[in-house]
Amino acid sequence: MAISFEKAFGMHPEAMLVRDRRAQVLAENIANADTPGYKAKDVDFQQALNNAKARQSGAMARTHEKHFHISTAARHETQFRNPDQPDTGDGNSVDIHRERNAVMQNSLEYQTSMSFLNSRISGLKKAITGGGQ
């Protein structure tokens, strides 16, 4: 009987990729906290996950190995964030406290997916080896 990793892992691998992308965007925000005119961005997690699902199920089949891989899903996950604070005069919309909180939350959610995947892999390993190490 073949093991379906897609069924075993669910959307967690894609969720981790989205969380990784969000960590990059949040790091860019923090790095540009003092850059005049910089507008804070964030990743719409639900939109990104929906796009990942669409890419999984709706990808076009390549008929030749030199053809490009084409996905029908649009990638509009990264968006500008509406500022919570008034403009400080330099046009920068980064709230460093909000960014730090978002980084912490994103990190916890990434670790949650990682723990889930680790437990699934351990379970699959036990199933394959018969329960012993």
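Keep in mind that this is a model prediction, so the values were computed, not measured.

A look at the overall build of the chain
Of the regular secondary structure elements, the chain holds four helices and two strands. The order of α-helices and β-strands along the chain, N terminus first, is α-α-β-α-β-α. Taking all 133 residues of the chain together, the buried fraction comes to 25%. Pairs at least 24 apart in sequence give 72% of the contacts found in the chain among residues at least 6 apart. Accessible surface, the chain as shown: approximately 9,300 Å² in total, 55% of it carbon and sulfur.

Looking at the nonpolar core
Listed in full, the five residues of the largest apolar core are Ala8, Phe9, Met16, Leu117 and Leu124. Looking at this core, the elements with two or more residues in it are helix H1 (5-9) and helix H4 (96-129).

Observations concerning the pattern of salt bridges
Applying the stated criterion across every chain yields a total of two salt bridges. Across the salt bridge formed by Glu109 and Arg19, the nearest N and O atoms sit 2.9 Å from each other. On the criterion of sequence distance, the pair formed by Glu109 in helix H4 and Arg19 in helix H2 (residues 12-31) is long-range, its members being 90 residues apart. By relative accessible area, Arg19 is classed as buried at 10%. Arg22 is paired through a salt bridge with Asp42; the nearest N and O atoms lie 2.7 Å apart. Of the two residues, Arg22 sits in helix H2 while Asp42 sits in strand E1 (residues 41-43), which places them 20 residues apart along the sequence. A relative accessible area of 11% places Arg22 in the buried class.

Some details on H4
Taking 1.5 Å as the rise per residue, H4 with 34 residues should run 50 Å; its terminal C-alpha atoms sit 49 Å apart, in good agreement. Every buried residue of H4 is accounted for by Glu99, Ala102, Asn106, Ser113, Leu117 and Leu124. Looking at the buried side of H4, the elements it contacts are H1 and H2. Of the residues one or two after H4, Gly130 is the one with positive phi, at around 90°.

Things to note about the UniProt feature "domain: Flagellar basal body rod protein N-terminal" (unreviewed entry) in the chain
UniProt tags residues 19-39 as "domain: Flagellar basal body rod protein N-terminal" (unreviewed entry). Between the end C-alpha atoms of residues 19-39 the distance is 20 Å, and the span holds 62% helix and 0% strand.

Description of the environment of Gly89
As for its placement among the helices and strands, Gly89 is situated in the loop between strand E2 (78-80) and H4. A residue is classified by how much of its surface remains accessible, and Gly89, at 69% relative accessible area, is exposed. A C-alpha to C-alpha distance of 9.2 Å links Gly89 and Gly37, two positions 52 residues apart in sequence.

Definitions and limits used
- The written sequence of each chain sets the order in which its residues are numbered from 1.
- This being a predicted model, a pLDDT of at least 70 is required before a residue's local features are given, and a value of 80 or more before pairs of side-chain atoms are given or counted; all residues contribute to the totals for chains, interfaces and linings.
- No hydrogens and no water enter the side-chain calculation; it runs on all heavy atoms of the structure.
- Per the convention used, a helix needs a DSSP run of H or I reaching at least four residues, while a strand needs a run of E reaching at least two, with both numbered from the N terminus.
- Under the scheme applied here, a residue whose accessible area is under 20% of the maximum for its type counts as buried, over 50% as exposed, and between as partly exposed, the area being computed with a 1.4 Å probe on protein chains only.
- Residue contacts are defined here by distance: any two heavy atoms, one from each residue, within 4.5 Å place the two residues in contact.
- Here the Shrake-Rupley method, with its probe set to 1.4 Å, supplies the accessible areas, and only the displayed protein chains count as covering residues.
- For this analysis, a nonpolar core means a set of buried residues of the types Ala, Val, Leu, Ile, Met, Phe, Trp, Tyr and Cys, connected via side-chain atoms within 4.5 Å.
- Just to be clear on terms, a salt bridge is a Lys or Arg side-chain nitrogen sitting within 4 Å of an Asp or Glu carboxyl oxygen.
- Here a helix's expected span is defined as the number of its residues, less one, multiplied by 1.5 Å.
- UniProt positions are given in the numbering used here, feature names are shortened, and annotations may be inferred rather than shown by experiment.

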